[in-house]
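# Tertiary structure, described
Spelled out from the first residue to the last, the chains are:
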Amino acid sequence: MTAGTLRADRPGPERPRPARLRPARLGPGDVLKVGAVGLRTRPMRAFLSALGIAIGIAAMVAVVGVSSSSRADLDRALAALGTNLLTVTPGSTLTGGQAQLPLEAEAMVGRIRPVEEVSAIGLLDGAKVYRNGKIPKAQTNGLAAYAARTDLRAATGARLRSGVWLTAATQDFPAVVLGSSAADRLGIGHAGTDVQVLIGGKWFTVVGILEPAPLAPELDSAALVGWPAAQARLGFDGHATTIYTRSQDASVEQVREVLGATANPEAPNEVQVSRPSDALAAKKAAGEAFTGLLLGVGAVALLVGGVGVANTMVISVLERRAEIGLRRSLGATRGQVRTQFLAESLLLSALGGLGGAAIGALVTGGYAVYQGWPIVIPAWAVLGGVAATLVIGAVAGLYPAIRASRLSPTEALAAT
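For clarity, every value in this text was computed on a predicted model and none was experimentally measured.

This part covers helix H11 (residues 321–329). Considered for burial, the residues of H11 that qualify are Ile324, Gly325, Arg327 and Arg328. Down the axis of H11, the buried set is contained in an arc of 165 degrees. They therefore lie on one face. Gly331 sits one or two positions beyond H11 and adopts a positive phi of about 115 degrees.

Listed below in structure tokens is the structure:
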């Protein structure tokens, strides 16, 4: 064995290994910057894509907001008017004719212990209402004349728009209170001693005009005269056609069960009993069903907006292959390229979602103010809409982002 061999076998100092290069990491700020590159360089395309998302979110937020505002107004009206109003009207006889309530029906209903208020109106058959004597008889405008008790307004919760209500002092005289629709159809804007209408061929002075009555809509198109005046001047027979009762809240259902037999003991099957607030509640339920339908339409618009975002991102990948190749050749990893395009898609969707939520809130507020409703915009609708846009943005940008990350530097640069 030679000396050279011995020298070569001796252990020598180890050579340092070259350090492994690691790609620079992208912080949240860096991700936002690179994700916004495509939006800044193509602002019109980004705006149009975000607009599709914004329309869907605005539709959904506006539908939920308007529906919630309408329900809040209805709840407020029910709270103010009460849900303890019951009405009694004549039904049909066994032979199909029109039944009639007894003259004592109003007094008998008032004897029910939980009943707190009772009032009534009576239809004046043949007494048509006209602005003056020159109106053709066929043009009745769908108005009806009724005899009314002086406590009717308190029982129904009706409010005055102008003038005064019938009192014990005026119910014997030719004085009339018009419903809101009746006044509008007759072209009467205010009550006063100089304003008169023709009822059943006799002149009556308009002493009051009512606001719309939600729980008694039949009063809106009515001309209401005092009970004694109707009997003395218009041939009223004294039979009530609608009896209004207010009961204790806890006893409404019990009163409802006995009203028919109490109002007409001889023929309780010829009496109809209703609760006006039930109709409003049914209207509320119908509104909720309609809201669900419109939400479906908004969801379709949102889906179309998501397709637009996906289309935009796919085109962006095709147009920016040179950029992708350059970044890959400078050391960007596939994950960083994928993150860049996914962040761009999320930013595009977020801009559309925030803009749509703002537009929907403005539409809701404007419409609610126009209708006189309280403005109610559920937070879940806004937050849920923005969250939905982010989900759609992530789904829409996932495929383009993966496609961009799979491009090799040489392939991307060669395709330009």
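Right, picking up where we left off after that structure.
Right, let's get into helix H9 (residues 252–263). Look at H9: 16 Å from first C-alpha to last across twelve residues, which is about the 16 Å you get at 1.5 Å a residue. Where H9 is concerned, the buried positions are Val252, Val255, Leu259, Gly260, Thr262 and Ala263. Seen from one end, H9 has its buried residues packed into an arc of 165 degrees, which puts them on one side. Each element contacted by the buried residues of H9 is listed here: strand S1 (85–90), helix H5 (105–110), strand S2 (115–123), strand S10 (242–247) and strand S11 (271–274).

This next bit is on the pattern of salt bridges. The full count for this structure, using the stated rule, is four salt bridges. Here Asp184 makes a salt bridge to Arg161, at a shortest N to O gap of 3.6 Å. Here Asp184, found in helix H7 (residues 180–186), pairs with Arg161, found in strand S5 (residues 160–163); they are 23 residues apart in sequence, far enough to count as distant. Asp184 gets classed as exposed once you look at its relative accessible area, which sits at 52%. By relative accessible area, which is 34% here, Arg161 ends up partly exposed. Among the salt bridges present, the one from Glu253 reaches Arg256, with a minimum N-O distance of 3.9 Å. Of this pair, Glu253 and Arg256 both sit in helix H9, three residues apart, which is roughly one turn of that helix. The network of salt bridges with shared partners includes Glu253, Arg256 and Arg275.

What follows concerns the confidence of the model for the protein. Close inspection of predicted coordinates is inappropriate in any region flagged by low pLDDT. In this model, the protein carries an average pLDDT of 82, and 83% of its residues clear a pLDDT of 70 or more. Between the elements of the protein, mean pLDDT differs from a low of 49, seen in helix H1 (residues 3–9), to a high of 97, seen in strand S6 (residues 175–178). Predicted confidence for residues 1–8 stays below pLDDT 50, and this span has one contact to residues more than four positions away or in other chains.

Calculation criteria
- Residues numbered from 1 in each chain as written.
- Predicted model: local features only at pLDDT ≥ 70, side-chain atom pairs only at ≥ 80, totals over all residues.
- Heavy atoms only, no water.
- Buried < 20%, exposed > 50% of the residue type's maximum accessible area, 1.4 Å probe, protein only.
- Helix = DSSP H or I, 4+ residues; strand = E, 2+ residues; numbered from the N terminus.
- Arc of directions from axis to C-beta.
- Expected span 1.5 Å × (residues − 1).
- Contact = heavy atoms within 4.5 Å.
- Salt bridge = Lys/Arg side-chain N within 4 Å of Asp/Glu carboxyl O.
- pLDDT = per-residue confidence, 0-100.

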